[in-house]
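Here's the letter readout for the chains.
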Amino acid sequence: MLLASRRKVNKYFIAGLIMTGLAVFCGILGFFWTPYGTSAMSDDRFCAPSPGHLFGTDNFGRDIFSRVMQGMGTTILVSVLVVIFSAAAGIILGALTGYFGGVLDEIVMRVTDAVNGFPSILLALVAVSVLGQGRINLILSLGVVFSPSYIRIVRSEYLRLRDADYIKRARLMGVGKMRILFVHILPNILPVFGVSVMIGLNNAILAESGMSYLGIGVQPPDASLGNMLSDAQGFLQMAPWYALAPGLSIVWLVLGFSLLSEGIRRFGE
Amino acid sequence: MRYLAKKLITLIMTLFLVSAAAFLAFQVIPGDVVTSILGTEATPEMEEKLREELGLNKPPVVRYFDWVGDVLRGDLGVSYRYSKNMNEMLPVAELIGGKLPVTLWLAALSLVLIVAVSVPLGVFWAKSGSRVMDAVLGVATQTAMAVPSFFLGILVTYLLGIVLGLFAPGGYVSYKEDFGGFLRYLFFPALSVAIPKIAMTARFLRNSMLTEMNADYVRTAYSKGCTKRRVMYGHVLRNALMPVVTFLGMIMAEIVAGSIVVEQVFGLPGIGRLLISSINNRDFPVVEILILYITFVVIFVYFFVDILYRMIDPRISEK
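Now for a look at the structure at hand.

About the thresholds
- Residues numbered from 1 in each chain as written.
- Chains lettered and ligands numbered in written order.
- Predicted model: local features only at pLDDT ≥ 70, side-chain atom pairs only at ≥ 80, totals over all residues.
- Heavy atoms only, no water.
- Helix = DSSP H or I, 4+ residues; strand = E, 2+ residues; numbered from the N terminus.
- Buried < 20%, exposed > 50% of the residue type's maximum accessible area, 1.4 Å probe, protein only.
- Contact = heavy atoms within 4.5 Å.
- Buried area = accessible area lost by both parts, 1.4 Å probe.
- Salt bridge = Lys/Arg side-chain N within 4 Å of Asp/Glu carboxyl O.
- Polar contact = N/O pair within 3.5 Å; in protein donor to acceptor, adjacent residues only side chain to side chain.
- Nonpolar A, V, L, I, M, F, W, Y, C, P; charged D, E, K, R; others polar.
- Phe/Tyr/Trp six-rings, centres within 6.5 Å; stacked < 30°, edge-to-face > 60°.

## Examining the side chain of Thr97(A)
Residue and element names in this part refer to chain A. Following the sequence through the fold, Thr-97 ends up in helix 3 (residues 64-100). What makes Thr-97 buried here is its relative accessible area of 1%. Apart from the residues within four sequence positions on either side, Thr-97 is in contact with Leu-104, Asp-105, Val-108 and Arg-155.

Structural data, given as structure tokens:
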């Protein structure tokens, strides 16, 4: 909020903050407490949304709101870990290739060229089919798939700052290479990097829910927004709320993060 | 020309990299294919015979080059999972052949929808200049971009299929039987793939037009006495469309990916569903060929867009 008080607060930022704040709160809460047990079945099948069951119940009589909370938590957790993994890889490889150039740079650039512009969900599918299914492998696969875009962004920033005057001075003063890379340059690329992290988070949410929808991501009985949607699809006529609840939650999350990133971007201008 | 040659070399290198990665990745996976085909009760002799037949007894690198050679000659190998009958394995080419048109038509129809809707929408948006319209379209496109295509598919199924009864969900008609009915059914999946991209492209075109409207040549055109209409369509739109062509080429990969996911929602028998089931069944020869094929389509589209871009904008090739 420090940022917000210094510059003009914009409505994108506020709307995004409220939307993501609510979603993250529900998701984190979902790890510890949900109104009903997430796999507790009951005889109240296909109840329409009511005060007792906010989003209704599903084909096993499970409370959909509780499952959405858990699914939201899973989706956010997986996406955040994916972004941390790929952003870390991006910073390390991007810094080394951008600052030093050379053979490593050539190799890394050719590989990212090949990976970039390739449908990310397809690559992740391949990675999962090699590594096997499950939550950890999903995070690893998506992490690898999302790294190249971060590498490119970080690399171009390091390339730009490599010959800046203050870096030249630091070099002359005998500052160590690692210190220049991660103490002198890194803080200066964070504004640019921050926006791409937010966009990456969005893509990770979409990819995770897409893969879980296809049955290749998070596996049942763990609730994930994607696999809830694919379960719900068979009951569309009978219980449309079953599909709407997880689907709209994904939209809510993605919209919230994209408004937030738009808001942050406008701070920078 | 030199540029073209350089591009072509990159293209071939990418294909080589992807094919090697796709092939070798599946060699390190634990689990024996032979056991999974024959079951655990097969005799060692039977296993040895099948191994020989599938070429699994050679080292991976040799097998890779054998495989590439076969693929280049048009022999795509056999599926581990599906078979024609007890004694004959089903060639991958036959398995894919019938499904390919479904996915290609879906992607093509989506692209047509994207262009047909987003260009007029973007132009209208750039021209309108009203604050209310700006806000409405801004919110609408931002929301449309946040909807993943598979959820959109479910929404389309529910709203247009079940509530309004415009089509019968799951009522896919094969293109071999009734091509018109096939396209009619395909319209709805294509809509699901297209809507988020329409929002993106319209926003992109609008921004591109707003930038162009401030350019010097626009003032010149006005001062020469051109009408607003002529300036808009003859000058601004022409220039603003160029980056849009590149943009469309870039999202082509996503359209293909979107088609693959949406096939699952609408029960279309395309290569997307085949890919998913092959991954689940560990039918690697099919997965390898599909990856190679999709890669080929995607990089060919990039290549094509690049050339197209050079043709419509001579400024680039002079550099």
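Continuing now.
## Structural notes on the interface of chain B and chain A
Many structure descriptions define interface size as the accessible area lost when the parts assemble. Contacts between the two partners involve 32 residues from chain B and, on the opposite side, 33 residues from chain A. With both chains or domains summed, chain B and chain A bury close to 3100 Å², and 82% of this area falls on carbon and sulfur atoms. Remark: the boundary between chain B and chain A carries zero salt bridges. In this assembly, chain B and chain A are joined by one residue pair in polar contact (both at pLDDT 80 or more). Listed by contribution, the elements that provide at least two residues to the side of chain B that touches chain A are helix 1 (2-25), helix 7 (131-146), helix 8 (149-163), helix 11 (228-266), helix 12 (271-281) and helix 13 (284-312) of chain B. No other element matches helix 8 of chain B, which puts seven residues into the side of chain B that touches chain A. Its residues assigned to classes, the side of chain B that touches chain A shows 25 nonpolar, seven polar and no charged.

## Considering the packing of aromatic side chains
Residue and element names in this part refer to chain B. If you walk through the whole model with that rule in mind, you get 12 aromatic pairs over all chains. Relative to Phe-188, the ring of Phe-187 lies with its centre 5.3 Å away and its plane at 85 degrees, an arrangement referred to as edge-to-face. A residue is classified by how much of its surface remains accessible, and Phe-188, at 9% relative accessible area, is buried. Taken together, the ring pairs in this structure connect Phe-16, Tyr-64, Phe-65 and Trp-67 into an aromatic cluster.

## Here's the deal with the pattern of salt bridges
Summed over all chains, the structure comprises eight salt bridges over all chains. For Arg155(A), the salt bridge identified is with Asp105(A), shortest N-O distance 2.7 Å. A residue pair is termed long-range when its members are at least 10 positions apart, and Arg155(A) in helix 6 (residues 135-161) and Asp105(A) in helix 4 (residues 102-115) qualify at 50 residues. Overall, the relative accessible area of 17% leaves Arg155(A) in the buried class. The buried category is assigned to Asp105(A), whose relative accessible area is 10%. We note a salt bridge from Asp134(B) to Arg206(B), for which the minimum N-O separation is 3.3 Å. Here Arg206(B) lies in helix 9 (residues 179-213) and Asp134(B) lies in helix 7, a separation of 72 residues in the sequence. Residue Arg206(B) is classed as buried on the basis of its relative accessible area, which comes to 17%.

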